[in-house]
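# Topology and contacts: notes
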Amino acid sequence: MAVPILDTHLHLVYLDRFSYPWLELERDLKAQRPVESYFAEAEALGIEAAMHMEVDVAEDEIEDETRFVTRLDPRLAGAIAACRPESRNFASQFETLSAIAGVRGFRRILHTQPDGLSQTSVFRDNLRRLADGDFTFDLCLRADQLLPVGAPLVDQCNEVQFVLDHCGVPNIATGDFGAWRDAVSELARRPNLACKVSGIIAYAGPNPTAAALRPYVEHVIASFGWNRVVWGSDHPVCTRYANLTRWVEISREIVAGASDSEQRRLFADNARRLYRL
């Protein structure tokens, strides 16, 4: 029997309720009941629970999005809220958001922002506040940002638990493995950083296969170890070239040779520990 999954990276997009300034492609996101649509497919795959990952709503809607998703469905185990650590008003924002039941971590999108955004003393001082409540910070970076942007941030906020999203966003379709591999190996030396095996099926081009994704997943696991990896779907972004079912099938195929304990750590147990679920 396949081990159960806790999906740590589910984007619930409610176009009728929130504004998403970045969102251009809406063809697959018009479902009136996103959480129900997701679990209709997910539960058959062994996904028993999921965490909502913020969807970079308009800044003045961050609190509303967070409150909405934390009350939405009992199968949602928690939420990772958006935030603005670059703001001098972050202390107030953090106090409000961290008090919402169900919030387990925070994220500020960095891969679409200037590299200098997270390199200021204001950003880092604000981020250190997360450690007091054991809140995580998810790092969403491009492969070329891993060392110049990610490494200094993780180093200078060494009491904060970071989670690197999407295996560090490797460019799988072009086969650019070497630079990404070396950057991941170096980042993994930092004990306050975990890595999320999530969404990389969207970077592999049409008709993604386990063979194409295996070197990336296996390198992440070898670098971070079985105690510092978690699994996520990145749904619905992961459906760019395949559906959720295919991503789960590929993930299970890649780690099929691992022990039951190792698979349980990847698919659920580590997430419960890191996100305090």
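See the structure printed just above.
A brief report on the enclosed structure follows.

Rules used throughout
Along each chain, the written sequence defines residue order, and numbers are assigned to residues from 1. Predicted model: local features are reported for residues with pLDDT of at least 70 only, side-chain atom pairs are reported and counted for 80 or more only, and whole-chain, interface and lining totals are derived from all residues. Remark: hydrogens and water are excluded; side-chain values derive from all non-hydrogen atoms of the structure. Salt bridge, as applied in this entry: a Lys or Arg side-chain nitrogen positioned within 4 Å of an Asp or Glu carboxyl oxygen. Each helix corresponds to a stretch of at least 4 residues labelled H or I by DSSP, and each strand to a stretch of at least 2 residues labelled E; elements are numbered beginning at the N terminus. Expected span, for any helix, means 1.5 Å times one less than how many residues it has. For each residue, the accessible area found with a 1.4 Å probe, counting protein chains only, is set against the maximum for its type, and the residue is called buried under 20%, exposed over 50%, and partly exposed in between. Here, residues are in contact when the closest pair of their heavy atoms is within 4.5 Å.

### A word on the pattern of salt bridges
In the structure shown here, the tally under the stated rule is 20 salt bridges. The salt bridge partner of Glu 186 is Arg 190, with a shortest N-O separation of 3.1 Å. Each of Glu 54, Arg 107, Asp 138, Asp 165 and Lys 196 takes part in one network of salt bridges that share partners.

### Focus: helix H9 (residues 260-274)
In this model H9 runs 20 Å from its N-terminal to its C-terminal C-alpha over 15 residues, within 8% of the 21 Å that 1.5 Å per residue would give. Burial in H9 covers these residues: Gln 263, Leu 266, Phe 267, Ala 268, Asn 270, Ala 271 and Leu 274. Where the residues of H9 are buried, they touch strand S1 (5-10), strand S5 (136-139), strand S6 (161-164), strand S7 (193-198), strand S8 (229-232) and helix H8 (244-254). Where H9 ends, the next residue or the one after it, Arg 276, has phi of about 55°, a positive value.

### Section: the environment of Leu 110
As for its placement among the helices and strands, Leu 110 is situated in the loop between strand S4 (103-107) and helix H4 (121-127). Leu 110 sits in the buried class, given a relative accessible area of 4%. C-alpha of Leu 110 to C-alpha of Ser 259: the two residues are 149 residues apart in sequence and 35 Å apart in space. Not counting chain neighbours up to four residues away, the residues in contact with Leu 110 comprise Leu 117, Ser 118, Phe 123, Leu 139, Cys 140, Leu 141, Gln 145 and Leu 153.

Interpretation note: all reported values are geometric properties and have no functional meaning in isolation.
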